[in-house]
Amino acid sequence: MPQISNLRLLISSANHPRILSPLTLKPPPPPPPSLSHLFRLKHPFSHTQNPRFLFAAFSSSYSRKPRNIEQPSSLGRRNSSSKADNKGKMAMEEKGPTAESLGFNKRRAEGKDKNDGKKNLQLKVRKLNPVNTISYVQILGTGMDTQDTAPSVLLFFDKQRFIFNAGEGLQRFCTEHKIKLSKIDHIFLSRVCSETAGGLPGLLLTLAGMGEEGMSVNLWGPSDLKYLVDAMKSFIPNAAMVHARSFGPTVGSVDVSTASSGTSDDLYVPINDEVVKISAVLLRPRYSKVSDTTKEGSSELDDPLVGVNHLAENLLVRRMHSTAEFALKPGDLSVVYICELPEIKGKFDPKKAAALGLRPGPKYRELQLGNSVQSDRQDIMVHPSDVLGPSVPGPIVLVVDCPTPSHLQELSSIHSLTPYYSYPSEESKEMCKKVDCVIHLSSASVTCSTEYQQWMSRFGEAQHIMAGHQPKNIEIPILKSSARIASRLNYLCPQFFPAPGFWSLPQLKRLSSVSKIPSEFSSCQVTAENLLKFHLRPYAQLGLDRSGIPEITSRPKIIEELISEIPEILDASEHITQMLHGNNVTNGGSATMQANKVMIEEPWLHETALPSCLEGVTREDVEIVLLGTGSSQPSKYRNVSSIFVNLFSKGSILLDCGEGTLGQLKRRFGIEGADEAVKDLRCIWISHIHADHHTGLARILALRRDLLNETPHEPLIVVGPRQLKRFLDAYQKLEDLDMQFLDCRHTTEASLKTFESNEDKDVSESACVPSDQKNGSTLFAKGSRMESYWKRPGSPVDSAAVFPLLKTLKEILRDAGLEALISFPVIHCPQAYGAVLKAADRTNSTGKKIPGWKIVYSGDTRPCPELVEASRGATVLIHEATFEDGMVEEAIARNHSTTQEAIEVGDSAGAYRIILTHFSQRYPKIPVFDETHMHKTCIAFDMMSVNLADLPMLPRVLPYLKLLFRDEMIADDIDVATVAI
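Note that the coordinates shown come from a computational prediction; the quantities given were computed from them, not determined experimentally.

Quick notes on the rules
Residues numbered from 1 in each chain as written. Predicted model: local features only at pLDDT ≥ 70, side-chain atom pairs only at ≥ 80, totals over all residues. Heavy atoms only, no water. Salt bridge = Lys/Arg side-chain N within 4 Å of Asp/Glu carboxyl O. Helix = DSSP H or I, 4+ residues; strand = E, 2+ residues; numbered from the N terminus. Buried < 20%, exposed > 50% of the residue type's maximum accessible area, 1.4 Å probe, protein only. pLDDT = per-residue confidence, 0-100. Contact = heavy atoms within 4.5 Å. Pairing = 2+ DSSP bridges. Right-handed = clockwise from strand over helix to strand, strands pointing away. Axes fitted to C-alpha atoms, helices over the stretch in contact; angles between N-to-C directions.

Colleague: Where do I start with the pattern of salt bridges in this structure?
Modeller: Two side chains bearing opposite charge may form a pair once their charged atoms approach each other closely. If you walk through the whole model with that rule in mind, you get 30 salt bridges. Arg488 is the salt-bridge partner of Glu565, the closest N and O atoms lying 3.4 Å from each other. Here Glu565 is found in helix H18 (residues 555-565), whereas its partner Arg488 is found in helix H16 (residues 480-492), with 77 residues between them in sequence. Of the charged contacts in the structure, one is a salt bridge between Glu749 and Lys753, with a shortest N-O distance of 4.0 Å. Of this pair, Glu749 and Lys753 both sit in helix H23 (residues 749-757), four residues apart, which is roughly one turn of that helix. On the basis of relative accessible area, Glu749 is assigned to the partly exposed category, the value being 48%. Residue classification places Lys753 among the exposed residues on the basis of a relative accessible area of 53%. One salt-bridge network, in which partners are shared between bridges, spans Arg191, Glu195 and Asp401.

And the structure:
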């Protein structure tokens, strides 16, 4: 009876502190006390125990700080000093049976750990190499297949990297294609909006976390970049954005512009060194207006414009011929970037140099660099033109973003671009500069117009790369690794993995955006492809290069490789199809496949007890789609957190919305299906302020706004922590998100009861927050350092705004067939929450009342009483399992859970099914887990879709997943053993 003995030891340690907890033993540390031993009622006296008391017994097992649990700043390094600094200490002190004595990182939960070891982010300084430089521009195909975000463009040099636009998915793309983020020096935005900048927050945070000191990057954009930077400061360290700079007129100001043409030329030169000159030409919609109070030059966000002292002399003076005033709105400004490489010097002639009295040596190089030198044998100066052949003009590339027809009107009349046209006016002929390549980021609705095509023709024989959303790219997955996994999972079990990994163009022909795009272009126009290059240096290679374009693969080819690699998968696929359709004929515990007996089902997989809430459930009731199942940052195989709860005809709800959520929706439902899913959203719920849980929110909201632009609708309710409101309020100065915000603390069970009791009464501010929350949540003891955030100073609660929102939310949930959306506090960071979705009861055809299902989402958390209590009787518990069982110290330090801890929370609460998610990216394909604890549990994968009607069969899929990933599991074990920290 080791379980009972262990339980008695834990309870004894609560009452007799002299008895040491197992965790106080010296390393190697044993696993943490089993929560299931404390909550499962499996022995006689446990029936009489209060679960909260038992949880307190578990808490007290950490009553003495074990030596192998250390401060976050010294994780992985043994601290043998008995007088260690209390700062950063784990919550292991003897506090009695309270939740505060649980194993968790108190400083992290309080939000104080971010100041520990504060970094001074370094800006990369590189020694440039203007001679023999390799240079090219390359299409980074983010969003090409899903059409959810703008692609990026890489300008590559030996010692410098420039990226134009950073839409969602850029990080994941760079990981997939081995593009090192640490090599990026500058990021330029052609517009400031979620489509072009959605990937910036995650990218800046990743750079800030690199190495011991972290890194930063130069960020450039039009003047409304200020709004984005101000918004990101709510969750990104200011140091990560100190090098953000804008140019152009102040948004909201008024300027005097030309009455006849409506144009106002602005040309800025943020980069001008020996390798490249990058100029920015501002582009306004014709209806917008600019101001006579606008400052010329650069508008800095933080620091002055470092290293660009010559900016004023490169600025073309703005023409002002009229007094007509027009207001410039955020989001109006777009940019045309001009990238000019220095001229290529002519070939050096040593005979001419010798004739002019020069000896071979360093002076030859000086002349090649364009510097004059003194002759060695004659009293003359030798100039480069004396010894060099004719120079060749440096290559020129334009990156053009003309988002609307209104911008096109302005683009056609901008004088700053005149020198770059092949047929300029007579007075400008001497300034003519030959453009080699023009990359068009504009949408097809603009580029296919007659006016735009006429404007393109002004560049003569320049190569045009059409990088707007083109139909042929829909069929080619940009994230090939993820598509490959999706195809293999779909082959094995299409019922749980319906996303095929590939979409064919015939499925999308009816899309208006596709039907308007021509299938062919003129000879000087090519459709952009992922990783397509245009070489700039060496000059002999000038032109297109398709050698880096990934090889096109297909689903049939992937499946053929799978069957060749794992022949047993044929029988596995057939058997799982029979099993899910009720035709399983195997006996419990017997072999489920004959081939080498590779699949053995466990006896517990044949349990017959079915929760009453699933009685009569149909496939049109609810489906849980795991859009993102990784943690921290996107990887090749797993995107960051997002869960789509599909209520079918009644709409849908998003639980968390990490970067790339929209792209994942497109991969799951197709381009058109994802648009419908976004339009049908009823609510978005965000667990906490960490970037991997909410940076996809702006893109989803902006798309919904556009899709419903001409349809009567209400703003979408976003429920989240208070810090998220600060971000959204600041961001909405940039673009309208068409949403209303509701604080998570107003959707706790106690708050909702207070609301219901005062629903028909005049309410005061004090009624908005129940008494227990005014004095701190029950999660943390009153007076402790972990007392709830709402006791701290902050913006006052507007009760007049909160109660109408709660009423609206109640109506929305009722229309969706839901009884409640309840938030509850968890242990992770300040204002971290989990969520409960409870369906309304229903009546079957015989009049029998059937209770509604209950879905619980843990968010990010350590095991805690609130989570267990909220999960009681859950139909499905979706629980984070960031770390494997052997990494308890890391889980405590970062306030996450291990696989076993997550399972035991579900067991303790009596959850019917447990879905594990939010895996550390150290487990690229499948996490490490102990299968002996998986009797009601399944591992989540991106795009996994769990219909409530399939819940009884969910755990039975796990052995088949092990078969599919058997080689990867072995490889991953070796990997983790090698790189574990």
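Colleague: Please explain the confidence of the model for the protein chain as it appears in this structure.
Modeller: Predicted coordinates in regions of low pLDDT should not be interpreted in detail. For the protein chain, the mean per-residue pLDDT works out to 77, and 71% of the residues sit at or above 70. Note on residues 970-981: pLDDT under 50 across the span, and 12 contacts to partners over four residues away in sequence or across chains.

Colleague: How should I be thinking about the pairing of strand E7 (residues 218-222) in this particular structure?
Modeller: The two faces of the sheet receive side chains in turn, since in a regular strand these alternate between them. The buried count for E7 comes to five of five residues, which makes it a mostly enclosed element. When strand E5 (residues 186-188) meets E7, the two strands line up parallel, connected through three bridges. Bridge pairing links Phe188 to Trp220 in E7. The sheet contact formed by E7 and strand E8 (residues 244-247) spans four bridges and is parallel. What sits directly across from Trp220, in E8, is Arg245. With respect to chirality, the unit in which E7 leads through helix H8 (residues 225-232) into the neighbouring parallel E8 is right-handed.

Colleague: Would you mind showing me how to read the environment of Ser945 here?
Modeller: As for its placement among the helices and strands, Ser945 is situated in strand E35 (residues 944-947). Residue Ser945 is classed as buried on the basis of its relative accessible area of 1%. Separated by 299 residues in sequence, Ser945 and Asn646 place their C-alpha atoms 9.6 Å apart.

Colleague: Mind showing me how you'd approach the sheet that holds strand E34 (residues 937-939) here?
Modeller: Note on sheets: strands pair through backbone hydrogen bonds, and any given pair is parallel or antiparallel. Spatially, six strands are ordered E27-E28-E31-E32-E33-E34 in an open sheet, and the strand pairing comes out mixed. Strands at the two margins of the open sheet, each flanked by one partner only, are strand E27 (818-825) and E34. Taken over all neighbouring pairs, the strand axes of this sheet differ in orientation by 15° on average, direction set aside. Across three bridges, strand E33 (residues 913-917) lies against E34 in parallel orientation.

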